[in-house]
Protein chains: 2
Amino acid sequence: MAGTDSSQALQFRPGPAVILCEPQLGENIGAAARAMANFGLWDLRLVNPRDGWPNEKAVANASKAHHVIDRVQVFATVEEAVADLTLIHATTARSRDMRKPVLGPEDACLGLSAHIGGGGKAGILFGREKWGLLNPEVALSDAIVTLPVESAFASLNIAQAVLILAYEWRRQSGLAETLPFGENIGEPAPKAEVIGMFEHLESTLDKTGFFTTPDKRPAMVNNLRTMFSRARFTSQEVRTFRGIISSIDRVHERHRSKRGKNDE
Amino acid sequence: MAGTDSSQALQFRPGPAVILCEPQLGENIGAAARAMANFGLWDLRLVNPRDGWPNEKAVANASKAHHVIDRVQVFATVEEAVADLTLIHATTARSRDMRKPVLGPEDACLGLSAHIGGGGKAGILFGREKWGLLNPEVALSDAIVTLPVESAFASLNIAQAVLILAYEWRRQSGLAETLPFGENIGEPAPKAEVIGMFEHLESTLDKTGFFTTPDKRPAMVNNLRTMFSRARFTSQEVRTFRGIISSIDRVHERHRSKRGKNDE
């Protein structure tokens, strides 16, 4: 999906840090950065990335999320990566034998939103592609976050787990109400125009012989008016529709005049 | 994120078809299939995929979403791909000059859920990586769906757009309430055990000389009881904590007996 409006300034609102623990693939780091950018997150932290940093594949896969990539912070340990935070959520698709709250994305982001709204600093931990977060990393966190996936197919790509939480963050922080563009349904035409259109249609259909049985005409007229009313035509669309009817009228006229000549 | 429970049977509930129009990269088709599988969708339709079908890269990127990949249907045109559907939503990040409803993911999926719940068949159209859906494809649809992204960074990868809508579908169809696993916070210990723990702690702190000024002791006891109460220890955790206190008691005893000897 294209649609980026480059005239718009990038926003750096307070939001949770996204902390990737020992990410293996640069592609995933880049895709995570892009997902964050889509929903307005920008604080990306890497703990001991396997292929070091900077990473060309990450840049390539971020598809121009430079404002996230350029701000990436790299840490040697999770402890250093979360040092300044006051709330940490750990994402995992596996149950851990730990007495911690387990939250879905909505509740998790509602809590993050309240914490950050109150001036706190929060972050979300994401684990390794192959085996997720280690128990000591989960133990560091205040709550476990898991996604409402199919139990029979629960494995999410890291960037996609980041995307879901970035999206929920945006919803819970009230930013999802505004879409990038709105609809333009247009004012429906005044009923007088619509009724004029109906009468025009019906008189033409009288000539074309559409109403085969006169006693059925009233019911059929009601059906026609019902089906075309649902479309809620604008004045322009009423004119367009009458243009169609007029073109039928003209065909009809031509045939009648032809027949006239033939009768001479 | 790992966590797939292979013992669980795959579910094929009624849901919207995901229709990718002229997808260019097999990687994206595979990632879309995986995203669908994560949230329980399975009807994937491809319109004229650039590299044909089957596609090895799609299979590789679907990471075992065989139940989606094996059911993929390929069509030559969008018209054929949507022939059996009664409701079509078109995803786009660009405003189109068309008089159609424009919905966010929540409203779109609420509508899909109602339609499918009533026995209707629905689908969601996704456009090409490079330039999205063509106007004739959007014109075919009943509504436009767009995501609440940052205007300054609106371009979503197709698989990620599929993921957000699959996730919202799951939320709006009420399946997101159940997480793959629940929490196990455990019963907090009966207050008698907790108070016993407090008294043990406080008597030990009396010996260690923690309470320097006797008149401040009551207030400090309240603060200690408050901070440890928040943790809502289980009976096991109370025993663990008392073990910590006992170990301090023992150190204290050893020192006193040493001092005793030295006084001889």
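Remember, predicted model here, so these are calculated numbers, not experimental data.

On to the overall build of chain A. Scanning chain A for helices and strands turns up 10 helices and 7 strands. Here the C-alpha coordinates of chain A stretch approximately 100 × 40 × 35 Å along the principal axes. Evaluated residue by residue, chain A yields a buried proportion of 48% over its 264 residues. In chain A, of all internal contacts separated by at least 6 residues, the share reaching a separation of at least 24 is 83%. Here chain A displays about 12900 Å² of accessible surface, and carbon together with sulfur accounts for 53% of that area.

With that settled, the discussion passes to the pairing of strand β2 (residues 44-47) of chain B. Residue and element names in this part refer to chain B. Burial along β2 is two-sided: the face carrying Leu44 and Leu46 and the face carrying Arg45 and Val47 are both buried. Bridge count between strand β1 (residues 17-21) and β2: 4 bridges; the pairing is parallel. Counterpart to cysteine 21 in the pairing with β2 is valine 47. Of the crossover connections in this fold, the one passing from β1 over helix α1 (residues 26-38) to the parallel β2 is right-handed. Judged from the 3 bridges that link them, β2 and strand β3 (residues 73-75) form a sheet pairing that is parallel. Within β3, the residue paired with valine 47 across the bridge is phenylalanine 75.

All names here are of chain A. With parallel pairing, the 7 strands of this open sheet are ordered in space as β3-β2-β1-β6-β4-β7-β5. The sheet is open, and its two borders are formed by β3 (73-75) and β5 (102-103), each paired with just one other strand. Packing against the sheet, helix α1 (residues 26-38) makes contact with β1 (17-21) and β2 (44-47), and its axis sits at approximately 155 degrees to β2.

Each partner contributes to the interface: chain B provides 72 residues, whereas chain A provides 73 residues. Summed over both sides, the interface between chain B and chain A buries roughly 6500 Å², with carbon and sulfur atoms accounting for 58% of that surface. Joining chain B to chain A, the criterion identifies 8 salt bridges. A salt bridge links B:Glu168 to A:Arg171; the shortest N-O distance between them is 3.9 Å. Summed over the shared surface of chain B and chain A, the result is 22 residue pairs in polar contact (both at pLDDT 80 or more). Going through the elements one at a time, α1, β5 (102-103), α5 (105-117) and α7 (158-172) of chain B are the ones with two or more residues in the side of chain B that touches chain A. Among the elements that take part in the side of chain B that touches chain A, α7(B) stands out by supplying 9 residues, more than any other.

With an RMSD of 0.1 Å, the operation that places chain B on chain A is a rotation of 180 degrees combined with a shift of 0.1 Å along the axis. One copy is carried onto the other by what is essentially a two-fold rotation axis. With an isologous cut-off of 70% or more, the 100% of interface residues of chain B that recur at the interface of chain A puts this contact in the isologous class.

Another point: the pairing of strand β6 (residues 122-126) of chain B. All names here are of chain B. Judged by how many residues are buried, β6 sits mostly within the fold: 5 of 5 residues are covered. Bridge count for β1 against β6 is 4 bridges, and the pairing is parallel. Pairing of alanine 17 across the sheet is with glycine 123, part of β6.

Enumeration according to the criterion identifies 0 disulfides over all chains in this entry. Of the cysteine sulfurs around A:Cys21, a residue in no disulfide, the closest is that of A:Cys109, at 17 Å.

Looking now at the UniProt feature "domain: tRNA/rRNA methyltransferase SpoU type" (unreviewed entry) in chain A. What UniProt calls "domain: tRNA/rRNA methyltransferase SpoU type" (unreviewed entry) maps, in this numbering, to residues 17-167 of chain A. Annotated as 37% helix and 18% strand, the span residues 17-167 of chain A places its first and last C-alpha atoms 14 Å apart.

The strands making up a sheet are joined through hydrogen bonds of the backbone, oriented either antiparallel or parallel. All names here are of chain B. With parallel pairing, the 7 strands of this open sheet are ordered in space as β3-β2-β1-β6-β4-β7-β5. Single-partner strands in this sheet number two, and they are β3 and β5. Summarising the sheet, strand β4 (residues 87-91) and β6 pair through 4 bridges and their orientation is parallel. Its bridge partner being in β6, histidine 89 is matched across the sheet by isoleucine 124. Along the sheet, α1 contacts β1 and β2; its crossing angle with β2, the most-contacted strand, is approximately 155 degrees. Together, β4, β5, β6 and β7 (143-145) form the strand contacts of α5, whose direction differs from that of β4 by roughly 160 degrees.

Now for unusual backbone geometry. A cis amide bond, omega 0 degrees, links A:Trp53 with the succeeding residue A:Pro54. The residue A:Pro54 is located in the loop between β2 and α2 (56-61) in this model. Look at A:Asn48: it is not a glycine, yet its phi comes out positive at around 45 degrees. Within the fold, A:Asn48 resides in the loop between β2 and α2. The residue B:Lys64 is not glycine, and still its phi comes out positive at about 75 degrees.

Turning our eyes to something else, we now look at the nonpolar core. Counting residues in hydrophobic clusters, the biggest one holds 90 residues, and the most contacted among them are A:Leu20, A:Leu44, B:Leu20 and B:Leu44. Setting aside its immediate chain neighbours within four residues, A:Leu44 contacts A:Val18, A:Leu20, A:Ile29, A:Ala33, A:Met36, A:Val68, A:Arg71, A:Val72 and A:Gln73.

How each quantity is defined
- Here the residue index of a chain counts from 1 through its sequence in written order.
- A letter from A marks each chain and a number from 1 marks each ligand, given out in the order of writing.
- Only residues with pLDDT of at least 70 get local features here, since the model is predicted, and only at 80 or more are side-chain atom pairs given and counted; chain-wide, interface and lining totals rely on the full set of residues.
- To obtain the side-chain values, all non-hydrogen atoms of the structure were included, while hydrogens and water were left out.
- By definition, any uninterrupted DSSP run of H or I lasting at least four residues is a helix, any uninterrupted run of E lasting at least two residues is a strand, and each is numbered from the N terminus.
- For every residue, the accessible area (1.4 Å probe, protein chains only) is compared with the maximum for its type, and the residue is labelled buried under 20%, exposed over 50%, or partly exposed between those bounds.
- Residues are treated as being in contact if the distance between any of their heavy atoms lies within 4.5 Å.
- With residues, only the protein chains shown are counted as cover, and all accessible areas are computed by Shrake-Rupley using a 1.4 Å probe.
- Here, strands pair whenever DSSP counts at least two bridges between them.
- Whether a crossover is right-handed depends on one test, that the path from the first strand over the helix to the second runs clockwise when the strands point away from the viewer.
- Between the N-to-C directions of two axes lies an angle of 0 to 180 degrees, each axis being a line fitted to C-alpha atoms and, for a helix, fitted only over the stretch in contact.
- Here the quantity called buried area is the accessible surface, traced with a 1.4 Å probe, that two parts lose on coming together, added over both.
- For this document, the term salt bridge refers to a Lys or Arg side-chain nitrogen within 4 Å of an Asp or Glu carboxyl oxygen.
- Here a polar contact means two N or O atoms within 3.5 Å. Within protein one must be a hydrogen donor candidate and the other an acceptor candidate, and residues neighboring in sequence count only if both atoms are side-chain atoms.
- To superpose the copies, least squares is applied to the C-alpha atoms of every residue with a pLDDT of at least 70 in both.
- Only a pair of cysteine sulfur atoms within 2.5 Å counts as a disulfide in this structure description.
- UniProt positions are given in the numbering used here, feature names are shortened, and annotations may be inferred rather than shown by experiment.
- Here, nonpolar core means buried Ala, Val, Leu, Ile, Met, Phe, Trp, Tyr and Cys residues that are tied together by side-chain atoms lying within 4.5 Å of each other.

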